[in-house]
Amino acid sequence: MIGSFGIGAVTLAEAQMEKPSVQDFLPPEILFQGTPFAINRIIFVRILATIIMLLVLGITAARAKVVPSRWQSAVEWLIDFVKNSIVYQVMGEVRGKRYVPMITTVFLSLLVFNLCGEVPGFNIAASATITLPLVFAMWCFCQYWIAGIREKGIGKFLKDEMFPAGVPWPVYILLAPIQLLELLIIRPFSLTIRLFANMVSGHLILALCLSATQYFLITLHNWMITFGVITFAASMFMYLFEILVACLQAYIFAILTTAYINMSYPELD
Amino acid sequence: MVTLAEGGADLFIPKVYDIVWSLIILIIVALFFYKFFLPKFQSVFDERAEKIKGGMAKAEQAQKDADEMKKEFEAKLAEARIDASQKRDNANAEAARIIAEARSRAATEAAQITENANRSIEAMKQKALVEVKAQINQDAVRLAAGILQRDLTDAAVQQDMIDKQIDGMASADQGK
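Keep in mind it's a predicted model, so treat the numbers as computed, not measured.

Scoring rules and cut-offs
Position numbers for residues start from 1 in each chain and track the written sequence from start to end. By the order in which they are written, chains take letters starting at A while ligands take numbers starting at 1. Residue-level local features of this predicted model are given only where pLDDT is at least 70; pairs of side-chain atoms are given and counted only at 80 or more, and the full residue set underlies all totals for whole chains, interfaces and linings. The basis for the side-chain values is all heavy atoms of the structure; hydrogens and waters are excluded. Secondary structure counts use DSSP, requiring at least four H or I residues in a row for a helix and at least two E residues in a row for a strand, with both numbered from the N terminus. Classification of residues uses two cut-offs on accessible area relative to the type maximum, computed with a 1.4 Å probe and protein chains only: under 20% is buried, over 50% is exposed, and between them is partly exposed. Values of accessible area rely on a 1.4 Å probe in the Shrake-Rupley scheme; residue burial ignores everything except the protein chains shown. Contacts are assigned to residue pairs that have any heavy atoms within 4.5 Å of one another. A simple way to read buried area is as the amount of 1.4 Å-probe accessible surface that goes missing from two parts once joined, with both sides added. Salt bridge, as applied in this entry: a Lys or Arg side-chain nitrogen positioned within 4 Å of an Asp or Glu carboxyl oxygen. Here a polar contact is taken to be a pair of N or O atoms separated by no more than 3.5 Å, where protein atoms must pair a possible hydrogen donor with a possible acceptor and residues adjacent in sequence count only if both atoms sit in side chains. Three residue categories are used. Nonpolar comprises Ala, Val, Leu, Ile, Met, Phe, Trp, Tyr, Cys and Pro, charged comprises Asp, Glu, Lys and Arg, and polar comprises the others, including Gly. UniProt positions are given in the numbering used here, feature names are shortened, and annotations may be inferred rather than shown by experiment. Each residue carries a pLDDT score, the predictor's own confidence in it, on a scale running from 0 to 100. Multiply 1.5 Å by the residue count of a helix minus one, and that product is the helix's expected span. Two axes enter the definition of the bend at a residue: one is fitted to the seven residues ending there, the other to the seven starting there, and the bend is the angle between them.

*Asks:* Break down the overall build of chain B for me, with residues and values.
*Replies:* Within chain B, the secondary structure is distributed over three helices and zero strands. Overall, chain B shows an N-to-C arrangement of helices and strands of α-α-α. Looking at chain B as a whole, 13% of its 176 residues are labelled buried. Counting only carbon and sulfur atoms, one obtains 62% of the accessible surface of chain B, whose full area is about 13,800 Å².

See below:
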């Protein structure tokens, strides 16, 4: 009796669908455990992605010729896209020139890190922790503050940010702290959370679809196979959609960074 | 449930090693883009722009050269046309002169030939006349000799007859 119950329990356990969870984003440390240089799966993916990106782009840059190859043309198109469609479009050429390297770094790095979630073998975005988007957002806000202080001076910069013109003075009592909060916390965290949440949700939905496909098509292998076909189609759709989201999030992060930095400059007459 | 909630909250707490690796990677990537990647591509863009600019300058120079050559060619062509026209005029004039000369020479020669022919005809005519006269004289003499039964070819006879005639004429005058 006990034996048969036990066998039944094992079968039930085997038949359970493996569901993705937030624990996927808190993987155990696999190298240098307990040190500040500990490496888990996501960081390993991030390091590998960085090495691959630096190698590919480095070789492309080193071999760049006046008459470009197809690959070089594609990379040049990306550089042009960041320069013209993001930086110059938001800031103009005069202001924007200074920030082209920064925004190119942000856009291309995040693009590669986000796309890791769609690369078989990696299966998780290298930006799928709160820290990486936060570090990038902090860099953005350092630039924001530096530009504001350089252009206006710290006093005027803070005054312009906390006490916007045209507001009745009693409102400043409420508005000034909110503005300061927005300046220090809300803007960087909105950038961070937007990217992080998109990477997490994308991974969870895609992993859920694939897990359901595995469950319906292979584990159960009965009349529920129909659901497996549907979930497989859904996972293919989500895979393509996640590629789009990965590109879109890199673009949004880059364009918002540019817009925030541009806001720190004085208004043009 | 509690574990899940804790796990969810953990997601938003940055780990020290994650911060360290994120910063290291950001610094490396930023250095790469700032110091190598973008300057390298910028130099390629500049070189390309320079070449395009140089190419355009070359094309402009080539266009200028071509225009100059065209002008030169057109000038030479006009000159050649004028030259050819002059030569044609000269040739025409020369031809006209040659024709006129030939005509004149032919006319002179023709006149000469005609004159010679006329002279020759005249000479022959005179000769014929002389011959005819001589023949007539001879025939007349022979006829007269026949009539007179005398040899009029003899000078003495002729003298005798002349004398008789003169005498006859003299007696005629006296009778008048």
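Once the structure has been displayed, the description carries forward.
*Asks:* Give a detailed account of the interface of chain B and chain A, specifying residues and quantitative values.
*Replies:* Listed per partner, the contact involves 38 residues of chain B and 50 residues of chain A. Three residues stand out in chain B for area buried against chain A, namely Leu-11, Tyr-17 and Trp-21 of chain B, and they jointly supply 19% of the buried area on that side. Summed over the shared surface of chain B and chain A, the number is two salt bridges. Taking the shortest distance from any N to any O, the salt bridge between Arg-48 of chain B and Glu-76 of chain A comes out at 2.8 Å. In this structure, the connection of chain B to chain A is made through eleven residue pairs in polar contact (both at pLDDT 80 or more). Every element with two or more residues in the side of chain B that touches chain A is listed here: helix 1 (2-11) and helix 2 (16-148) of chain B. Per element, the largest residue contribution to the side of chain B that touches chain A is 28 residues, and it comes from helix 2 of chain B. Its residues placed into classes, the side of chain B that touches chain A shows 26 nonpolar, five polar and seven charged.

*Asks:* Account for the UniProt feature "transmembrane region" (unreviewed entry) in chain A, with residues named and values stated.
*Replies:* Per the UniProt record, "transmembrane region" (unreviewed entry) is found at residues 39-62, 98-117, 124-147, 167-186 and 195-217 of chain A. Secondary structure across residues 98-117 of chain A divides into 80% helix and 0% strand, with the first and last C-alpha atoms of the span separated by 32 Å.

*Asks:* Can you break down the confidence of the model for chain A residue by residue, with the values?
*Replies:* In this model, chain A carries an average pLDDT of 87, and 94% of its residues clear a pLDDT of 70 or more. In this model residues 1-13 of chain A is a low-confidence stretch, pLDDT under 50, and it forms zero contacts with partners more than four residues away in sequence or in other chains.

*Asks:* How would you sum up the UniProt feature "coiled-coil region" (unreviewed entry) in chain B? Please name residues and give values.
*Replies:* Taking the numbering used here, the UniProt-annotated feature "coiled-coil region" (unreviewed entry) corresponds to residues 52-90 of chain B. The distance from the first to the last C-alpha atom of residues 52-90 of chain B is 55 Å, and the span holds 100% helix and 0% strand.

*Asks:* Requested: an account of the UniProt feature "transmembrane region" (unreviewed entry) in chain B, with residues and values cited.
*Replies:* Listed under "transmembrane region" (unreviewed entry) in the UniProt record, and renumbered for this structure, are residues 19-38 of chain B. Across residues 19-38 of chain B one finds 100% helix and 0% strand; the C-alpha atoms that close the span lie 26 Å apart.

*Asks:* Could you give an account of helix 3 (residues 70-91) of chain A, with specific residues and numbers?
*Replies:* For helix 3 of chain A, spanning 22 residues, the distance from its first C-alpha to its last is 30 Å, which sits close to the expected 32 Å at 1.5 Å a residue. Maximal helix bending in helix 3 of chain A amounts to about 25 degrees, located at Phe-81 of chain A. Within the span of helix 3 of chain A, buried status applies to Gln-72, Val-75, Glu-76, Ile-79, Val-82, Lys-83, Ile-86, Val-87, Tyr-88 and Met-91 of chain A. Next to the buried residues of helix 3 of chain A lie helix 2 (41-62), helix 4 (93-96), helix 5 (100-115) and helix 9 (225-263) of chain A together with helix 2 of chain B. Once helix 3 of chain A finishes, Gly-92 of chain A follows within two positions and takes phi at roughly 85 degrees, a positive value.

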